Amino acid sequence: QDELPDIVFECTSAKAHEANAPRYAEAGILAVDLTPAAVGPYLCPPVNLDFNLDAMNVNMITCGGQATTPMVKAVSSVVPVPYAEIVASISSKSAGPGTRANIDEFTKTTTAALAVVGGAPRGQAILRLNPVALQDRILASIHAMVAEVQDYVPGYHLRADPQFDHARDTWKGMARVFVPIEVKGRGDYLPDYAGNLDIITAAAARVGDIMVAHRLGVASTWKSSAQLGDVPDPLVGVGADAQKAGV
């Protein structure tokens, strides 16, 4: 084209930028590389922007590198960090063809940046794609079950949103879901910290009422927490939104 741009933001792929970089340089165009090609120096704004202002081609490492390199640098600026390992988990829906085609380059470039920018002599970067649809279904199921337990134990709630860890060899190929739960007592007869006693007592009362009613062939007189006027403890984080949505 007749009028050349002053700056180009390359968001294609590592191989595409490797091919395009010499042309940008020849034309005097500043290239900001968002691929893991690493033709120019690694750049993380809060760490080393000032050192690369005159460069004609700078590499933005990777999305995982931009998130984790500042933290490695924060630690290494206080104490020696002989080895840094980062695990970048991204939504599979946000991983387009470019990301999937550059997984090897992602690992290599991010690992190198942990040393060059982060200050750790040795590093390792691991990329994992999260199956968001499956996680969403698991989260919805967890929040629905919390609401069901709250029918008879209003102090039952999540302390934080469930956390997902992907399958690891050390876990024999299995994945893990961490679900932090707290049970707060009603504080009517026992203190509110005795949630462990409340939940088993409330569960037993519910079971006893329903089983006796079944044997007698009559309707159960059991009432939910809401029917008794008890307001369940709010769920934390996503749970709060789920509760408002009726999950």
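Residues numbered from 1 in each chain as written. Predicted model: local features only at pLDDT ≥ 70, side-chain atom pairs only at ≥ 80, totals over all residues. Heavy atoms only, no water.

Draft legend 1. Layout of helix H6 (residues 132-149). Relative to the 26 Å expected for 18 residues at 1.5 Å per residue, H6 spans 26 Å between its end C-alpha atoms, a close match to the ideal helical length. For H6, the full list of buried residues reads Val132, Gln135, Leu139, Ile142, His143, Val146 and Val149. With its buried residues spanning 120° around the axis, H6 presents them on a single face. (Helix = DSSP H or I, 4+ residues; strand = E, 2+ residues; numbered from the N terminus. Expected span 1.5 Å × (residues − 1). Buried < 20%, exposed > 50% of the residue type's maximum accessible area, 1.4 Å probe, protein only. Arc of directions from axis to C-beta.)

Draft legend 2. Local environment of the pattern of salt bridges. Per the counting criterion, the structure on display carries 2 salt bridges. Of the charged contacts, one joins Glu182 and Arg159 as a salt bridge, the two residues approaching to 3.2 Å between their closest N and O atoms. Remark: Arg159 occurs in the loop between strand E6 (156-158) and strand E7 (163-165) and Glu182 occurs in strand E9 (residues 181-183); sequence separation between them is 23 residues. Residue classification places Glu182 among the partly exposed positions, given a relative accessible area of 30%. (Salt bridge = Lys/Arg side-chain N within 4 Å of Asp/Glu carboxyl O.)

Draft legend 3. Structural context of the packing of helix H3 (residues 63-76) against helix H5 (residues 103-116). Across the interface, H3 lies against H5 with an axial gap of 10 Å and an inter-helix angle of 20°. One way to sum up the angle between H3 and H5 is to call them roughly parallel. In this structure, H3 meets H5 at a crossing whose hand is right-handed. Residue-level inspection shows Cys63, Gly64, Gly65, Thr68, Thr69 and Val72 of H3 in contact with H5, the latter providing Phe106, Thr110, Ala113 and Leu114. (Axes fitted to C-alpha atoms, helices over the stretch in contact; angles between N-to-C directions. Parallel < 35°, antiparallel > 145°, perpendicular 65-115°, else oblique. Left-handed = near helix turned anticlockwise from the far one by under 90°. Contact = heavy atoms within 4.5 Å.)

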